[in-house]
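If you want the building blocks of each chain, they are given just below.
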Amino acid sequence: DTRTNTEYTKPPDYLQESELIALMDQHGIGTDASIPQHIKNICDRHYVDVCGPMQEDGQRGQIIQMRKPFKKGGGPQQQQQPKPTSRHMVPRPFGLAFLACFEELDKELCDPKIRAYMEQQVTKIATGETDKNDVVESTLKLFHEKFNDFRNNMARIERYFAPKGDNYGGGMGM
């Protein structure tokens, strides 16, 4: 009598918020004061959702609602979500498309080194090691060139943001 038990691998869970913070710290990106704002920005721009842990079937966990500021004398109290065991950064389609564009047009902008370099320059300004105007001038020159390259190559990335499906003029009598 031989029995087999078939099991399947499941993908790794999404990057935890704490892991993202550790990576930002490791690469010299942001400060203790600015990192929460960076995370809020990528959520507000719809690049990622913050979710609970992955479910057993491999699907992302429940989206964690961002807390709204408390209003004095506000209406009825909203039901609090149960606190998840961990917070995971789950990329949204728009965030993945945005990243794909940057990877195709200027992979350097996806590398944490460029952001870390900018942070180092700000620190050098603060400590008086370098002149603010020199940093501003060189940074503007660099990013002006990158902007022009992006603008000149926009046709290469249209496919990432083109409407998809039948409801966008691609079919059904439109």
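Rules used throughout
Residues numbered from 1 in each chain as written. Predicted model: local features only at pLDDT ≥ 70, side-chain atom pairs only at ≥ 80, totals over all residues. Heavy atoms only, no water. Helix = DSSP H or I, 4+ residues; strand = E, 2+ residues; numbered from the N terminus. Buried < 20%, exposed > 50% of the residue type's maximum accessible area, 1.4 Å probe, protein only. Contact = heavy atoms within 4.5 Å. Areas by Shrake-Rupley, 256 points an atom, 1.4 Å probe, with all protein chains shown as cover. Phe/Tyr/Trp six-rings, centres within 6.5 Å; stacked < 30°, edge-to-face > 60°. Core = buried A, V, L, I, M, F, W, Y, C linked by side-chain atoms within 4.5 Å. pLDDT = per-residue confidence, 0-100. Expected span 1.5 Å × (residues − 1).

Here we look at the overall build of the protein chain
Then step 1. Each helix and strand in the protein chain was counted, giving 6 helices and 2 strands.
Then step 2. Counted from the first residue to the last, the protein chain has its helices and strands arranged as α-α-β-β-α-α-α-α.
Then step 3. For the protein chain, the residues scored as buried account for 22% of the 174 residues in total.
Then step 4. Taking contacts inside the protein chain between residues at least 6 apart in sequence as the whole, the part at least 24 apart equals 66%.
Then step 5. A total accessible area of about 14,000 Å² is found for the protein chain, and carbon and sulfur atoms account for 53% of it.

Brief notes about the packing of aromatic side chains
Then step 1. Considering all chains together, one arrives at 5 aromatic pairs under this definition.
Then step 2. Seen in terms of ring centroids, Y47 and F98 are 5.0 Å apart; in terms of plane orientation they differ by 20 degrees. Their pairing is stacked. Of the two residues, Y47 sits in the loop between helix 2 (35–44) and strand 1 (48–51) while F98 sits in helix 3 (residues 93–105), which places them 51 residues apart along the sequence.
Then step 3. Take F98: its relative accessible area is 29%, and that puts it in the partly exposed class.
Then step 4. Ring centres 4.9 Å apart and planes at 50 degrees place the aromatic pair F98 and F102 in the tilted group. Of this pair, F98 and F102 are both found in helix 3, 4 residues apart, which corresponds to roughly one turn of the helix.
Then step 5. One aromatic cluster is present, formed by Y47, F94, F98, F102 and F150 through successive ring pairs.

With respect to the nonpolar core
Then step 1. L20, M24, I29, I35, I39, C43, Y47, V48, V50, I64, M89 and A116 form the largest nonpolar core, which has 12 residues in total.
Then step 2. For this core, the elements supplying multiple residues, two or more each, are helix 1 (17–26), helix 2 and strand 1.
Then step 3. By residue number, the principal contributor to this core is helix 2, which donates 3 residues.
Then step 4. Leave out the neighbours within four places in its chain, and A116 touches H27, G28 and I29.

Points about unusual backbone geometry
Then step 1. Residue H46 is not a glycine yet carries a positive backbone phi of 65 degrees.
Then step 2. Inspection of the secondary structure puts H46 in the loop between helix 2 and strand 1.

Concerning the confidence of the model for the protein chain
Then step 1. The predicted model of the protein chain has a mean per-residue pLDDT of 83, with 83% of residues at 70 or higher.
Then step 2. Looking across the protein chain, the model is least confident in helix 6 (residues 158–161), with a mean pLDDT of 82, and most confident in helix 5 (residues 132–152), with 94.
Then step 3. Residue range residues 168–174 is modelled with pLDDT below 50. Its contacts to residues more than four positions away, or to other chains, number 4 contacts.

Observations concerning helix 4 (residues 112–126)
Then step 1. In a regular helix each residue adds 1.5 Å, so 15 residues correspond to 21 Å; helix 4 covers 21 Å between its end C-alpha atoms and thus fits that length.
Then step 2. Within helix 4 the residues assigned to the buried category are I114, A116, E119 and Q121.
Then step 3. As for helix 4, its buried residues are in contact with helix 5.

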